[in-house]
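One letter stands for each residue in the lines below.
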Amino acid sequence: FAFDGCHELEAVTLPAGLKVLDSWSFEGCSGLEEIYIPETVETIGFGPFASCSGLTTIEISEENPYYCVDEAGVLFNKEMTELIQCPTGFRGVYTVPAGVTKIRDDSFYRCELEGITFPEGLKVIGSEAFAWTEIGGEIVIPVTVEEIQFRAFYQAIVSSIAIWNPDCEIGWDALYFGAIVYGYPGSQAETETLYPATFIGHLPLNGVCYICGASMDTEGECGYDARWELVYEEKGPTLYIRGTGDM
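Note on numbering: residues in each chain are counted from 1, in written sequence order. In keeping with the predicted nature of the model, local features appear solely for residues at pLDDT of at least 70, side-chain atom pairs appear and are counted solely at 80 or more, and the whole-chain, interface and lining totals rest on all residues. As a rule here, side-chain values cover all heavy atoms of the structure and leave hydrogens and water aside.

Chemist: Help me out: how do you make sense of the overall build of the chain in this one?
Modeler: In this description a helix means any DSSP run of H or I spanning at least four residues, a strand means any run of E spanning at least two, and both kinds are numbered starting from the N terminus. Helix and strand counts for the chain come out as one helix and 23 strands. Counting only residues that meet the buried cut, the chain has 48% of its 247 residues in that class. Note that accessible areas follow from Shrake-Rupley with a 1.4 Å probe, and for residues the cover is restricted to the protein chains shown. As presented, the chain carries roughly 11800 Å² of accessible surface, and 48% of it is formed by carbon and sulfur atoms. Only protein chains enter the accessibility calculation, which uses a 1.4 Å probe; a residue is then buried when its area is under 20% of its type maximum, exposed when over 50%, and partly exposed in between.

Pasting the structure below:
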């Protein structure tokens, strides 16, 4: 919390020789627009720039052997397997790169996104990673995700979240928001869904039949004399389409 709430800061260049950037070092510095991290920084804590609503640029020395940023300015470890911090001022749809296995605690805390896509291979979504975050639209959690930690989506603004892995471990208050949670009946996606969120015991396929565009639930008729049914099997949900219509 070294510079917590210093609203007048607009740009920061961290000095060469600095080795540790502590958790929440610049939290709430709403006027901060850009920050430079030198090659000597070896350790970065959780959410160093959380709630910096004006921050659009995180720059890091190319000589830093531990950390890097992508084209959107999102901070990663050098191997790009762990997403550390999205600049809170980022706007738009963000696609988490393939190869990322962990989204760190507080990484999108209070961001305002237009959407987000997670890659297959992602395993962990950290504590408060999307707490109080405006995401917009639907979120699909890949089947590879094994753990959604404490308050990961606490008070997030999102229309729905679909959790594909029936064995995914879900932390306390991770699904506390006013939206829909789709998942497997009896899974932690159901038991950890807290009011005002609503659990629905099936997974959507983009909400419509891909043949005729009819709204989908778990079974029904589509417009070309065909019936469809979404069946839950050990390998995952399967959509069966039967009939004499034009398929």
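Don't stop here, the text continues.
Chemist: Explanation requested: the pattern of salt bridges in the structure shown.
Modeler: Whenever Lys or Arg places a side-chain nitrogen within 4 Å of a carboxyl oxygen from Asp or Glu, that contact is recorded as a salt bridge. Here the structure, examined in full by the defined rule, presents four salt bridges. Arg-151 is the partner of Glu-128 in a salt bridge, and the nearest nitrogen-oxygen pair spans 3.8 Å. With a gap of 23 residues between them, Glu-128 in the loop between strand 12 (124-125) and strand 13 (138-141) and Arg-151 in the loop between strand 14 (147-148) and strand 15 (160-163) connect regions that are remote in the sequence. Here Glu-128 and Arg-151 have matching classes, each one buried.

Chemist: What is the right way to look at the packing of aromatic side chains in this model?
Modeler: Centre-to-centre distance and the angle between the planes together describe a pair of aromatic rings. Ring pairs are drawn from Phe, Tyr and Trp, using the six-membered ring of Trp, whenever the two centres fall within 6.5 Å, and their geometry is named by plane angle: stacked under 30 degrees, edge-to-face over 60, tilted for the rest. Enumeration over the complete set of coordinates arrives at ten aromatic pairs. Each ring, one from Phe-108 and one from Phe-130, has its centre 4.8 Å from the other, and the planes form 10°; the classification is stacked. Of this pair, Phe-108 sits in the loop between strand 10 (102-103) and strand 11 (115-117) while Phe-130 sits in the loop between strand 12 and strand 13, and the two are 22 residues apart along the sequence. When its relative accessible area of 0% is taken as the criterion, Phe-108 is described as buried. Overall, the relative accessible area of 0% leaves Phe-130 in the buried class. Residues Tyr-154 and Tyr-176 carry aromatic rings whose centres are separated by 5.2 Å and whose planes lie at 15° to one another, so their mutual orientation is stacked. Placement of the pair is Tyr-154 in the loop between strand 14 and strand 15 and Tyr-176 in strand 17 (residues 175-176), with a sequence separation of 22 residues. Joined through ring pairs, the aromatic side chains of Phe-90, Tyr-94, Phe-108, Phe-118, Phe-130 and Phe-153 make up one cluster. For a ring to carry a charge above it, either NZ of a lysine or CZ of an arginine must fall within 6 Å of the ring centroid while also lying within 35 degrees of the normal to the ring plane. The ring of Tyr-154 has Arg-151 sitting right over it, with the charged end atom 4.1 Å from the ring centre.

Chemist: What exactly am I supposed to notice about the sheet that holds strand 3 (residues 34-37) here?
Modeler: In sheet architecture, strand pairing relies on hydrogen bonds along the backbone and comes in two forms, parallel and antiparallel. If you trace the three strands from one edge of the open sheet to the other, you get 1-3-5, paired in parallel fashion. Bordering the open sheet on either side are strand 1 (11-13) and strand 5 (57-60), each of which pairs with just one other strand. Strand-to-strand, the axes of this sheet are offset by a mean angle of 10°, without reference to chain direction. Whether two strands pair depends on DSSP finding at least two bridges between them. Two strands pair when backbone bridges link them, and strand 3 and strand 5 are joined in this way by four bridges, in the parallel orientation. In the sheet register, Tyr-36 faces strand 5, and the bridge partner there is Glu-59. Lines are fitted to the C-alpha atoms to define the axes, a helix being fitted only along its stretch in contact, and any angle between axes, read from their N-to-C directions, falls within 0 to 180 degrees.

Chemist: Explain unusual backbone geometry here, please?
Modeler: It is generally the case that most residues other than glycine have a negative phi and that most peptide bonds are trans. Put simply, Tyr-195 and Pro-196 share a cis peptide bond, and its omega is 15°. Phi is positive for Trp-132, close to 55°, though the residue is something other than glycine. Locating Trp-132 in the fold gives a position in the loop between strand 12 and strand 13. Owing to a relative accessible area of 30%, Trp-132 belongs among the partly exposed residues under this scheme.

Chemist: Help me understand the state of the cysteines, please; the structure alone is not making it clear to me.
Modeler: Disulfides are defined as cysteine sulfur pairs within 2.5 Å. On inspection of all chains with the given rule, the structure shows zero disulfides. Considering cysteine sulfurs only, Cys-111 is the nearest to Cys-86, which forms no disulfide, with 4.2 Å between them.

Chemist: What should I look at first to understand the nonpolar core in this one?
Modeler: For soluble globular proteins, nonpolar side chains are generally found buried alongside one another. Nine residue types can take part in a nonpolar core, namely buried Ala, Val, Leu, Ile, Met, Phe, Trp, Tyr and Cys, and a core is a set of them joined through side-chain atoms within 4.5 Å. The biggest cluster of nonpolar side chains holds 40 residues, and the ones touching the most others in it are Ile-148 and Phe-153. At the level of secondary structure, the elements contributing two or more residues to this core comprise strand 13 and strand 15. Two residues qualify as a contact provided that any one of their heavy atoms is within 4.5 Å of a heavy atom in the partner residue. If we ignore the near neighbours within four places in the chain, the residues touching Ile-148 are Ile-125, Ile-141, Phe-153, Ile-163, Cys-168, Glu-169, Ile-170, Gly-171 and Ala-174. Of all hydrophobic cores here, the second largest spans 18 residues; its members include Leu-14, Cys-29, Leu-55 and Leu-75.

Chemist: So what exactly am I meant to see when it comes to the environment of Ile-141 here?
Modeler: By the element assignment, Ile-141 lies in strand 13. Here Ile-141 falls in the buried class, since its relative accessible area comes to 0%. Considered as a pair, Ile-141 and Phe-118 are 23 residues apart in the sequence and their alpha carbons are 6.8 Å apart.

Chemist: What's the story with a negative patch on the surface in this structure? I'm lost.
Modeler: What makes a patch is a set of residues exposed beyond 30% relative accessible area and free of salt bridges, joined within 9 Å when like-charged and within 5 Å when nonpolar (Val, Leu, Ile, Met, Phe, Trp, Tyr). Positive charge is attributed to Lys and Arg, negative charge to Asp and Glu, and no charge count is given to His or to the chain ends. To locate a charge, take atom NZ for lysine, CZ for arginine, CG for aspartate or CD for glutamate. A grouping of Glu-10, Glu-33, Glu-34, Glu-39, Glu-59, Glu-62 and Glu-63 is seen on the molecular surface, where their side chains present a negatively charged patch. Relative to the helices and strands, Glu-62 is located in the loop between strand 5 and strand 6 (67-69).

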